[in-house]
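Remarks on the overall topology
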Amino acid sequence: MAASTPPRAGTRPASAATLAQLAELNQRLAWKPAARLQVEGLSIGYSTLRGRFHAVEDISFEVPAGTNLGLVGESGCGKSTVIKALMGLQPANTSVSGRALLDGQDILGLDDRGLRDIRWNSISLITQSAMNSLDPVYTIGDQIAEAIRAHERVSRATAWARAEEMFALVGLPAGRLYEFPHMFSGGMRQRAVIAMALALNAGMLLADEPTTALDPIMQSQIMTRIRGIHAHMRRSMILVTHDIAVVAETCENTVVMYAGKMAESGPTADVLERPLHPYTMGLQNAFPRLPVPGAPRQPLISIPGVVPNLLLPPPGCRFASRCPFATDLCRTTAPPVVRHGAQVATCHHTDRSEEFRAAAARPETWRNMRGAA
Amino acid sequence: MTDRPTIAPDAPAVIEARDLKTHFQGHTGLINAMLGLKPPTARALDGVDLRIREREIVGLVGESGCGKSTLGMSLVRMYQPTGGQILYRGDEITKAVGRQLKDYRRQAQIIFQDPYSSLNPRLTIGQVIEEPLIIHGIGNAAERREKVIKAMELVRIPAADNIDRYPSDLSGGQRQRIAIARALVLEPKFIVADEPVSMLDVSIQASVLELLDELSRDLGLAVLYISHDIATVGYICNHVAVMYLGRIVEEGKAEDVLTRPLHPYTQRLMAAIPRMDPGEATERVELRGDVPSPLAVPPGCRFSSRCPYTTPLCEAVEPDLSDQPSGQRVRCHIHDDRAARAHPELTPPRPGLVTETADAGILVETLDHA
Ligand SMILES: Nc1ncnc2c1ncn2[C@@H]1O[C@H](COP(=O)(O)OP(=O)(O)OP(=O)(O)O)[C@@H](O)[C@H]1O
Ligand SMILES: Nc1ncnc2c1ncn2[C@@H]1O[C@H](COP(=O)(O)OP(=O)(O)O)[C@@H](O)[C@H]1O
Ligand code: SF4
Ligand code: SF4
Ligand SMILES: [Mg+2]
Ligand SMILES: [Mg+2]
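Residues numbered from 1 in each chain as written. Chains lettered and ligands numbered in written order. Predicted model: local features only at pLDDT ≥ 70, side-chain atom pairs only at ≥ 80, totals over all residues. Heavy atoms only, no water.

1. Some points on the sheet that holds strand 12 (residues 329-330) of chain B
Residue and element names in this part refer to chain B.
- Spatial strand order, 6-7-8-3-9-10-12-11: eight strands in an open sheet with mixed pairing. Both edges of this open sheet fall to strand 6 (108-111) and strand 11 (322-323), since each of them pairs with a single strand only.
- With five bridges joining them, strand 7 (residues 190-194) and strand 8 (residues 222-226) adopt parallel strand pairing. Each bridged residue has a counterpart across the sheet, and for Phe190 the counterpart in strand 8 is Ala222.
- The strands touched by helix 2 (residues 68-75) within the sheet are strand 3 (57-61), strand 6, strand 7, strand 8 and strand 9 (239-244), with strand 8 carrying the most contacts at an inclination of about 155 degrees.
- Against the sheet, helix 11 (residues 264-271) contacts strand 3, strand 9 and strand 10 (247-253), and its axis sits at roughly 105 degrees relative to strand 9. (Pairing = 2+ DSSP bridges. Helix = DSSP H or I, 4+ residues; strand = E, 2+ residues; numbered from the N terminus. Contact = heavy atoms within 4.5 Å. Axes fitted to C-alpha atoms, helices over the stretch in contact; angles between N-to-C directions.)

Now the structure itself:
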């Protein structure tokens, strides 16, 4: 690492030419339309020492232009795998099939050049571990400015000025653009990555657990920024999180994944208030809520068992070993995708969802499952 | 996991901290050494009073870096406090050494956040749980095995199937239960659980919280539960303490602190938590900036650099904890006029009155310049 501390100067005064170019750049970026993304039949297979397996199987969803989609589910169920494939970041030897149309263009089969063209520019990413998206040997400012210059023909000074604006947007002082990633605290790094992801005002933002592991104040600061920027500029976003309260606040639509498959999807209000799939009901119950003044404490109910081994997926419904409502049919036959209005669920018994919802709210329903898994 | 058992206010404390301080000595840089300057001191834990009684779970919340883990580590004597006292069942153990310290460490255990790295991967689960017994020279092999099996039963991991497996064969939730079994095998009376579920999926964290709740009831354990996830605190805690920059700024019954917070910091901490109503992103007053460094603790109220109600009194005089009619204890001049009466020349803060001193960028940020 560099031995000397980089200058902790504030903003360099920008020249009139830079300011003019910056105004032009900002205008051009502001005109970018929000993107629409249609994912159809997406399957992703990893090859490992112990064999090949599908980490994601036949997922379909749509993100209408200017809306946010929440992607939720337990860890290991394939959320990051979907996001990486959309960015073309899957490891070698990964098989990807299906289509992902970004404003009509399939982005799954793109070559390196094609990927370079869309990354940051049309589709950008905030990852789970901000440190991995930053290069430790360059200053943060250089990294943002270079990302801008890779797509826009502007001077270095203009790109830097835009980076300063982005830093202001995420609440970081411009002087800190001169610092290296290791000099930032976890929360500041996460904000720097957000600044980078927003720098080119891409029509589609992928945010993979942008606030997991941060304290509540930091989480709220970062989500408020992401949300504010998105609402203001009418961008589209896929937000991966296991915090369903954040989804409830942020996303118009929600996809619930379980063991590589789509369990349920639809408008967030419907999915969270009237879930059709028992897994969604289980996630709802397990999610801790703040106490309500005067009301008795609600029980917190865990979902017994664990996600099945994807190398040897069970024959019927993948949730059957943990589902309190599983029938023989569930254990032998893969459930169909059933549509109820705008809501879709992969379950044999969606017609009994009302009865299930009532039962799922009782701790005994899940407790009696113990030992089954 | 429903309402917690009520704890008599005069029940004796299992563990008690009195004005407890743990300061860390920074490194002396070369220049400082040449100038003869003392290295800076990090006042990570700076005067905390806390009591935890039998069957009581006390929640400890606050931003990253406010000193929660330092308090937990100091209470179990993994850090040596630099001031104040720790009483275990009335006996002072703050400076205990040798035999007395070893005895205390049997009674006071800590569980950490990361169930993936906190268990030695080369030991079987049985060996992992047995290890503390060996360290403390307890029992012969057969007796130890019996204790291990009993501890595994307590955490609901069937011993027969699992005792000879390795931690890597288990899920995160199961590993965290093994870590709890390891802490329980010594039959402690006090447990610090430092973010025990924050690395676990919501679907399984409930089972670990439920377990802590049951153990405290059944074994009469006193538990300090440290967490960023304030909603979980509402489920298992009797009492909640909110820390800011090394001190407790508010404490009281869990319901009161979580639903009717009085301290401006607690109010903002609670407002930061997302609510479950779809589409209802509450307009939040954002708390700007970071917790000041414990190397440079501001004079006066520690929250004054971020508080919207700050006045000259706040910046000059640190408030004491004061008892409120609602039962909470709060460290803020708005709720305690003793300092204002002692310093009539300094303007005191008033409820809801956002001050000019504070207005410099603390309040609502508009994103108009986006
Ligand atoms: N061994 C140490 N030496 C020097 N400073 C320390 C040491 N341990 C902690 N600190 C400092 O003390 C302060 C409190 O740290 P602590 O780990 O107690 O925070 P915390 O509240 O547990 O935070 P988090 O929520 O991130 O776990 C921090 O500023 C930290 O940098
Ligand atoms: N590079 C990889 N090679 C092989 N398996 C992987 C790889 N990345 C993820 N997996 C596996 O794919 C599944 C889905 O993982 P991931 O998409 O990271 O889940 P999530 O983001 O929902 O937690 C898991 O079983 C995980 O272990
Ligand atoms: S298909 Fe059967 S096992 Fe699967 S979620 Fe529906 S009811 Fe449960
Ligand atoms: S009003 Fe004053 S004393 Fe109370 S929290 Fe704010 S700064 Fe501190
Ligand atoms: Mg992931
Ligand atoms: Mg900590």
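2. What to know about the interface of chain B and chain A
- Taken together, the contact pairs 57 residues of chain B with 50 residues of chain A.
- Where chain B abuts chain A, roughly 4,500 Å² becomes buried across the two surfaces, and 61% of that area is made up of carbon and sulfur atoms.
- If you look at where chain B meets chain A, you find one salt bridge.
- Summed over the shared surface of chain B and chain A, the result is six residue pairs in polar contact (both at pLDDT 80 or more).
- Residue assignment for the side of chain B that touches chain A shows that the elements contributing at least two residues are helix 8 (202-219), helix 9 (230-236), helix 10 (254-259) and helix 11 of chain B.
- For the side of chain B that touches chain A, the leading source of residues is helix 8 of chain B, giving eight residues.
- Across the side of chain B that touches chain A, the residue classes break down as 23 nonpolar, 14 polar and 20 charged. (Buried area = accessible area lost by both parts, 1.4 Å probe. Salt bridge = Lys/Arg side-chain N within 4 Å of Asp/Glu carboxyl O. Polar contact = N/O pair within 3.5 Å; in protein donor to acceptor, adjacent residues only side chain to side chain. Nonpolar A, V, L, I, M, F, W, Y, C, P; charged D, E, K, R; others polar.)

3. Describing the sheet that holds strand 4 (residues 95-102) of chain A
- Taken together, four strands build an open sheet; the order of strands is 2-1-4-5 (chain A) and the sheet is antiparallel. Strands at the two margins of the open sheet, each flanked by one partner only, are strand 2 (51-63) and strand 5 (105-106) of chain A.

4. Observations concerning the site of ligand 3
Residue and element names in this part refer to chain A.
- Near ligand 3, the surroundings consist of 13 residues, among which Cys317, Cys323, Cys330, Cys347 and His348 are the closest.
- Among the detected pockets, ligand 3 sits in the largest cavity.
- For the shell around ligand 3, a count of residues per class yields 10 nonpolar, three polar and no charged. (Near = heavy atom within 4 Å. 1 Å grid on protein atoms, 1.4 Å probe; cavity = no way out; pocket = protein on both sides within 12 Å on 5 of 7 lines; lining within 4 Å. Sits in = over half its atoms within 2 Å of the grid points.)

5. Notes on the side chain of Thr280(A)
Residues and elements named next belong to chain A.
- Here Thr280 shows up in helix 11 (residues 278-286).
- On the basis of relative accessibility, which here comes to 2%, the residue Thr280 falls in the buried class.
- If sequence neighbours within four positions are ignored, Thr280 has contacts with Val256, Glu264, Val271 and Pro275. (Buried < 20%, exposed > 50% of the residue type's maximum accessible area, 1.4 Å probe, protein only.)

6. Focus: the site of ligand 2
Residue and element names in this part refer to chain A.
- Taken together, 13 residues surround ligand 2, and among them Gly76, Gly78, Lys79, Ser80 and Thr81 come closest.
- Between an oxygen atom of ligand 2 and a main-chain N or O atom of Cys77, the distance comes to 3.3 Å.
- In the model, an oxygen atom of ligand 2 is placed 2.7 Å from a nitrogen or oxygen of the Ser80 side chain.
- Burial of ligand 2 by the surrounding chains reaches 69%, relative to a free accessible area of 560 Å².
- Mapped onto the shell around ligand 2, the elements with two or more residues apiece are strand 1 (37-48), strand 2 and helix 2 (79-86).
- When residues of the shell around ligand 2 are assigned to their parent elements, the largest contribution, three residues, is made by helix 2. (Areas by Shrake-Rupley, 256 points an atom, 1.4 Å probe, with all protein chains shown as cover.)

7. Side note on the packing of aromatic side chains
- As enumerated under the stated definition, the model contains 12 aromatic pairs over all chains in all.
- Seen in terms of ring centroids, Trp160(A) and Tyr178(A) are 5.1 Å apart; in terms of plane orientation they differ by 45 degrees. Their pairing is tilted. Pair noted here: Trp160(A) is in helix 6 (residues 156-169) and Tyr178(A) is in the loop between helix 6 and helix 7 (186-198), with a separation of 18 residues, a long-range link. Neither residue differs from the other here; Trp160(A) and Tyr178(A) are each classed as buried.
- Taken together, a centroid distance of 5.4 Å and an interplanar angle of 65 degrees make the contact between Tyr88(B) and Tyr104(B) edge-to-face. Here the residue Tyr88(B) occupies a position in strand 4 (residues 83-88), and Tyr104(B) occupies one in helix 3 (residues 98-107), the gap between them amounting to 16 residues. Like Tyr88(B), the residue Tyr104(B) is buried in the burial classification.
- Among the aromatic residues, those joined into a ring-pair cluster are Tyr258(A), Tyr279(A) and Phe319(A). (Phe/Tyr/Trp six-rings, centres within 6.5 Å; stacked < 30°, edge-to-face > 60°.)

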